[in-house]
Amino acid sequence: MTDRDNLLAEIKKKAVVHGKVVLSSGKEADYYVDLRRITLDGVAAPLVGKVLLDLTEDLDYDAVGGLTLGADPVAAAMLHAAAARGRTLDAFVVRKAQKVHGLQRRIEGPDVQGRRVLALEDTSTTGGSVLTAVEALREAGAEVVAVVTIVERGAAPKLAEEGLEYRYAYTLSDLEL
């Protein structure tokens, strides 16, 4: 089996939770795809990095990250998978709001100004969280090459409307949902 097949099996086994939930978008669903059970898992997280690197191998970028908290382990997985392949890839964290103390940064980690970056998210339903990150990245002077997520739950139309390239490893139909 491929890394992609193995990651899909891990998601189905560990991350799909059935029952009524309210999503961050405010929408209600009969199931929840808890990707932190994947992105923080010792078996699955390395697969996340490999699969997303493979998904974006034709793009020119040198840093990855997105809105904390969902994007943080995804960026770390990609950073480590890239290093294992002999590639240097930086990661960054976009805060929901600018800090009011210390260096007062909204984007933590290596500077993104003038860099080509990927805006990440673990799963996206409306695109709201990742669009917040895209806005902050652009304000910081980064060029957002694409938006990348593990599972697409419905954000594709909104991201297309915003003119953003959008890549994802799986859809809900891949998860048999």
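Structure: see above.
Rules and cut-offs
Counting restarts for each chain: residues are numbered from 1 in the order of the written sequence. Whole-chain, interface and lining totals are the exception, using all residues; otherwise, since this is a predicted model, local features are given only for residues with pLDDT of at least 70 and side-chain atom pairs are given and counted only at 80 or more. To obtain the side-chain values, all non-hydrogen atoms of the structure were included, while hydrogens and water were left out. Two aromatic rings from Phe, Tyr or Trp, using only the six-membered ring of Trp, form a pair when their centres are within 6.5 Å; if the ring planes differ by under 30 degrees the pair is stacked, by over 60 it is edge-to-face, and anything between is tilted. Working definition: with a 1.4 Å probe on protein chains only, accessible area under 20% of the residue-type maximum means buried, over 50% means exposed, and in between means partly exposed. Under the DSSP-based scheme used, a helix requires at least four consecutive residues in state H or I and a strand at least two consecutive residues in state E, with every element numbered from the N terminus. In protein, a polar contact means a hydrogen-donor-capable atom and an acceptor-capable atom, both N or O and within 3.5 Å, with residues adjacent in sequence counting only if both atoms are side-chain atoms; elsewhere, any N or O pair within 3.5 Å suffices. A contact between two residues is defined here by any heavy atoms of the two lying within 4.5 Å. Here a helix's expected span is defined as the number of its residues, less one, multiplied by 1.5 Å. Working convention: axes come from line fits to C-alpha atoms, limited for helices to the stretch in contact. Angles between N-to-C directions cover 0 to 180 degrees. When an angle is under 35 degrees it counts as roughly parallel; over 145 it counts as roughly antiparallel; between 65 and 115 it counts as roughly perpendicular; any other value is oblique. The handedness criterion is simple: a crossing whose near helix is rotated anticlockwise from the far helix by less than a right angle is left-handed, and one whose near helix is rotated clockwise is right-handed. In short, DSSP must find at least two bridges between two strands for them to pair. A carboxyl oxygen of Asp or Glu within 4 Å of a side-chain nitrogen of Lys or Arg is what we treat as a salt bridge.

Student: Looking at this structure, I do not really get the packing of aromatic side chains. What am I missing?
Tutor: Applying the stated criterion across every chain yields a total of one aromatic pair. With a centroid separation of 5.1 Å and 55° between ring planes, the pair formed by Tyr166 and Tyr168 is classed as tilted. Residue Tyr168 is classed as partly exposed on the basis of its relative accessible area, which comes to 30%.

Student: It is not clear to me how the side chain of Glu152 should be interpreted in this structure. Could you clarify?
Tutor: Here Glu152 shows up in strand E7 (residues 143-152). Separated by 2.8 Å, the side chain of Glu152 and the backbone nitrogen of Gly154 make a polar contact. Not counting residues within four places of it along the chain, the set of residues in contact with Glu152 comprises Ser124, Tyr166, Tyr168, Tyr170, Thr171 and Leu172.

Student: I tried to follow helix H3 (residues 44-55) on my own but got confused; where do I start?
Tutor: Along its twelve residues, H3 runs 16 Å from first to last C-alpha, staying within 8% of the 16 Å computed at 1.5 Å per residue. Where H3 is concerned, the buried positions are Ala44, Ala45, Leu47, Val48, Gly49, Val51, Leu52 and Leu53. Considering only its buried residues, H3 is in contact with helix H1 (3-14), helix H2 (36-39), helix H4 (71-84), E7 and strand E8 (166-171).

Student: It is not clear to me how the packing of H1 against H3 should be interpreted in this structure. Could you clarify?
Tutor: When two helices pack together, their arrangement is given by the angle between the helix axes and by the axis-to-axis distance. At their nearest, the axes of H1 and H3 sit 9 Å apart, and the two run at 135° to each other. Comparing the axis directions of H1 and H3 gives the class oblique. Considering only the axes of H1 and H3, their crossing is left-handed. Counting all contacts with H1, which are made through Asp3, Arg4, Asn6, Leu7 and Glu10, the residues of H3 involved are Ala44, Leu47, Val48, Lys50 and Val51.

Student: What's the story with the sheet that holds strand E3 (residues 63-67) in this structure? I'm lost.
Tutor: Sheet strands line up and pair through hydrogen bonds in the backbone, either parallel or antiparallel. Strand order in the open sheet made by the six strands is E5-E4-E3-E6-E7-E8, with mixed pairing throughout. The sheet is open, and its two borders are formed by strand E5 (107-108) and E8, each paired with just one other strand. In this sheet, E7 lies alongside strand E6 (residues 116-124) in parallel orientation, the contact comprising eight bridges. The residue bridging Arg116 from the neighbouring strand is Glu143, located in E7. Along the sheet, H4 makes contact with E3, strand E4 (90-94), E6 and E7, crossing E3 at roughly 170°.

Student: Got a minute to help me understand the pattern of salt bridges in this structure?
Tutor: Note that side chains of opposite charge can pair when their charged atoms are close. Summed over all chains, the structure comprises 19 salt bridges. Between Arg85 and Asp54 there is a salt bridge, with its nearest N and O atoms 2.9 Å apart. With Arg85 in the loop between H4 and E4 and Asp54 in helix H3, this pair connects stretches of sequence that are 31 residues apart. A relative accessible area of 44% places Arg85 in the partly exposed class. For the salt bridge of Glu162 with Lys158, the shortest nitrogen-to-oxygen distance reads 3.4 Å. Taking relative accessible area as the criterion, Lys158 reaches 32% and is therefore assigned partly exposed. Salt bridges linked by common partners bring Glu10, Lys13, Lys14 and Asp41 together as one network.

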